[in-house]
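Working through the structure, step by step
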Amino acid sequence: MAAVADAWMPGAGRVECTFTPEGPFHGGAPRAVWRTTESDPAALSARSVAERLDSEGRSTHLVWNPLTGEVAQLLPATAPASGELLGDGTDRAHEGRACVIVTVVGRSDEPFTDGPLKGIDPILRWLAVWGVARAWPPGPPPAAATPVRDPVAERAWGRSGHFGASQVPGVGGHGPGEIDVQRLLSPSPERPRARLSGPRGRPAPLPGPAPQEGSDNPLDASYAVRR
């Protein structure tokens, strides 16, 4: 069982949150929700994104740059990211014994699982301490974000595991796009990057070395995480 001492992820850089989250968690299955900043990970650090979010009165638990492995933490796992998962009059960020929001520096139309996933193992281990199952209950997230309001989505939300912000019932948050959830949750240093021969989450090995990602991308000045 997680203790208060585990509320901060080991190795993550702390960024002071200048406002107090509103209210406690309401109980239920612990979850992690993944979203993207819609900005270039080659241009922005995790700390700069976390500082910008705080300056805008917004929050997250972790900001992760998968290119560098840098992780910045704004909130402890014991505090909800109030207002970040609003939908249908309900703040889903307060649901669960824990609801950890992971903000990835990247773009939803360029799935971050197609590139390096530096630093993912410590994140997954820390989430497991908080009871987040290494599973993706609703299945791989869609390419586009559209609010889901159906019994299937609600049943999936009632289970412990990982979710895209686009899969939170009634919210339709931005990102993370059509990521490869199998590669994200089961990273292996020995396994090459994968291309997908079927639905996301069913990778086929590449025949050769992985190409470099992001080398030709123009710098994106946007820090803002879209809802």
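This text gives an overview of the structure that appears in the document. This structure is a prediction, so every number in the text was calculated from the model and none was measured.

Criteria and thresholds
- Residues numbered from 1 in each chain as written.
- Predicted model: local features only at pLDDT ≥ 70, side-chain atom pairs only at ≥ 80, totals over all residues.
- Heavy atoms only, no water.
- Buried < 20%, exposed > 50% of the residue type's maximum accessible area, 1.4 Å probe, protein only.
- Helix = DSSP H or I, 4+ residues; strand = E, 2+ residues; numbered from the N terminus.
- Arc of directions from axis to C-beta.
- Contact = heavy atoms within 4.5 Å.

**Details of helix α2 (residues 120–129)**
Since the α-helix packs 3.6 residues into each turn, any two residues three or four apart lie on the same face. Turning to α2, its buried residues number three or more, namely Ile120, Ile123, Leu124, Trp126 and Leu127. Down the axis of α2, the buried set is contained in an arc of 165°. They therefore lie on one face. Along its buried surface, α2 packs onto β2 (31–36), β3 (62–64), β4 (71–73), β7 (99–104), β8 (161–164) and α4 (181–185). Note on α2: the residue one or two positions beyond its end, Gly131, has a positive phi of about 85°.

**Some thoughts on unusual backbone geometry**
In this structure, Glu38 is a non-glycine residue whose phi angle is positive, near 60°. Tracing the chain through its elements places Glu38 in the loop between β2 and α1 (46–55).

**Some words on the environment of Pro169**
With respect to the secondary-structure elements, Pro169 resides in the loop between β8 and α4. The class of Pro169 is buried, set by a relative accessible area of 1%. The spatial distance from the C-alpha of Pro169 to the C-alpha of Leu86 is 9.8 Å, given a sequence separation of 83 residues.

The quantities given are spatial measurements derived from coordinates; they are silent on function.
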